[in-house]
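Fold and geometry: a report
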Amino acid sequence: MPSTLAARTIADFFASEPGNIFTLLTQTHRLDMVDYYNSGQVVAVPNNLAGEARLIELDSTYLKVQASGSRVVEMLMRKAGKDTVITVIETVMTPVPDSRLTQWNVHWQRYISDRLFPAPGIDDFIVGKMPQDLRQDLQDAMIFPLIQLTFKGENRDIIEATHGLEKFLAPSEYKRFAPYLKPSFSYRFDGLKIKPVKK
């Protein structure tokens, strides 16, 4: 396997990831998944919790892995100036999808800065003037946000954020908030930064 310095495809980084993201998949399992996929097969391999993992999608810069029955990982390799950056979205079913985004360099050292990616909250989905009492009810209902992130666009240069309120709340409860909520909004890459798309 190429070292991280010589890696040229996202599959190389998938194999070299030291276990911060793929804690349940050995390097051997990951290499097997890539080999199966490249031979035209999507084959389940065992993970370390006696579950199964599958490589769902793979090209030179992007992959999507069903790492377990409740967890999906997307990885995108991109250029930010002279640097190669690995942007990772991990989504777990709680059972409503909830995502976390991290960014790494080719040595699998994490870029840690809130300024690089302003993680979305429920307030980001509110449009118009929501009455204060209704806003408080929404905050009480959503003790922690359940927000799904995923790559979109032909070049996967957009990250779409969607909230899970419709699935999380009872229909009658969600109906109260729906007129004040947009279903999604987007981010774009700007070097190392990931910025909300302003409309």
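For the structure given in this document, a descriptive report is provided here. The model shown is predicted, which means the values in this text are computed figures rather than measured ones. (Residues numbered from 1 in each chain as written. Predicted model: local features only at pLDDT ≥ 70, side-chain atom pairs only at ≥ 80, totals over all residues. Heavy atoms only, no water.)

Once that is clear, we can look at the overall build of the chain. For the chain, the count of helices and strands is five helices and 11 strands. When its C-alpha atoms are laid out on the principal axes, the chain stretches across 55 × 40 × 25 Å. Going through the 199 residues of the chain one by one, you find that 42% of them count as buried. With an accessible surface of roughly 11000 Å², the chain has 51% of that area assigned to carbon and sulfur atoms. In the chain, the 24 positive side-chain charges and the 23 negative ones have mean positions that sit 5 Å from each other. (Helix = DSSP H or I, 4+ residues; strand = E, 2+ residues; numbered from the N terminus. Buried < 20%, exposed > 50% of the residue type's maximum accessible area, 1.4 Å probe, protein only. Areas by Shrake-Rupley, 256 points an atom, 1.4 Å probe, with all protein chains shown as cover. Lys, Arg positive; Asp, Glu negative; His and termini not counted. Charge placed at Lys NZ, Arg CZ, Asp CG, Glu CD.)

Before going further, it helps to examine the environment of His 163. Checked against the element boundaries, His 163 lands in strand S9 (residues 158–163). The class of His 163 is buried, set by a relative accessible area of 13%. C-alpha separation for the pair His 163 and Lys 182, spaced 19 residues apart in sequence, amounts to 8.9 Å. Ignoring sequence-local partners within four residues, the contact set of His 163 consists of Ile 122, Phe 125, Leu 146, Tyr 174, Leu 181, Lys 182 and Pro 183. From its side chain, His 163 meets the backbone nitrogen of Leu 165 in a polar contact 3.2 Å long. Within the structure, the side chain of His 163 is placed 3.4 Å from the backbone oxygen of Lys 182, a separation counted as a polar contact. (Contact = heavy atoms within 4.5 Å. Polar contact = N/O pair within 3.5 Å; in protein donor to acceptor, adjacent residues only side chain to side chain.)

So, about the layout of surface pockets. Taken as a whole, the largest pocket spans an internal volume of roughly 330 Å³. Leu 101, Arg 110, Asp 114, Phe 117 and Ala 119 are the residues nearest the centre of the largest pocket, which is lined by 18 residues in total. Elements with a minimum of two residues in the lining of the largest pocket: strand S6 (97–104), strand S7 (110–111) and strand S8 (147–152). With six residues, the single largest contributor to the lining of the largest pocket is S6. A class-by-class count of the residues in the lining of the largest pocket yields 10 nonpolar, four polar and four charged. (1 Å grid on protein atoms, 1.4 Å probe; cavity = no way out; pocket = protein on both sides within 12 Å on 5 of 7 lines; lining within 4 Å. Points joined across faces, edges and corners; volume = space filled by probe spheres on them. Nonpolar A, V, L, I, M, F, W, Y, C, P; charged D, E, K, R; others polar.)

Where S9 meets strand S10 (residues 184–190), five bridges bridge the pair, whose relative direction is antiparallel. Paired with Ile 159 across the bridge in S10 is Tyr 187. Inspection of the sheet shows S10 paired to strand S11 (residues 193–196) by four bridges, in the antiparallel sense. Each residue of the ladder has a partner; that of Arg 188, found in S11, is Lys 195. The hairpin formed by S10 and S11 contains two residues between the paired strands, and Gly 191 there has a positive phi angle of roughly 65°. (Pairing = 2+ DSSP bridges.)

A separate point is the packing of aromatic side chains. Taken as a whole and judged by the stated rule, the model has six aromatic pairs. Taking 5.3 Å as the distance between ring centres and 45° as the angle between the ring planes, the aromatic pair formed by Phe 185 and Tyr 187 counts as tilted. Summarising the burial analysis for this pair, Phe 185 and Tyr 187 share the class buried. Taken together, the ring pairs in this structure connect Phe 117, Phe 125, Phe 185 and Tyr 187 into an aromatic cluster. Note that Arg 156 overlies the ring of Tyr 62, its terminal NZ or CZ placed 3.9 Å from the centroid. (Phe/Tyr/Trp six-rings, centres within 6.5 Å; stacked < 30°, edge-to-face > 60°. Lys NZ or Arg CZ within 6 Å of the ring centre and 35° of its normal.)

With the rule as written, the count across this model stands at 10 salt bridges. As a salt-bridge pair, Arg 156 and Asp 59 come within 3.1 Å of each other at their nearest N and O atoms. With Arg 156 in the loop between S8 and S9 and Asp 59 in the loop between strand S2 (52–58) and strand S3 (62–68), this pair connects stretches of sequence that are 97 residues apart. Classification of Asp 59 by relative accessible area gives partly exposed; the value is 32%. A salt bridge links Glu 90 to Arg 100; its shortest N-O distance comes to 2.8 Å. Residue Glu 90 is found in strand S5 (residues 83–93), and its partner Arg 100 is found in strand S6; the two are separated by 10 residues along the sequence. (Salt bridge = Lys/Arg side-chain N within 4 Å of Asp/Glu carboxyl O.)

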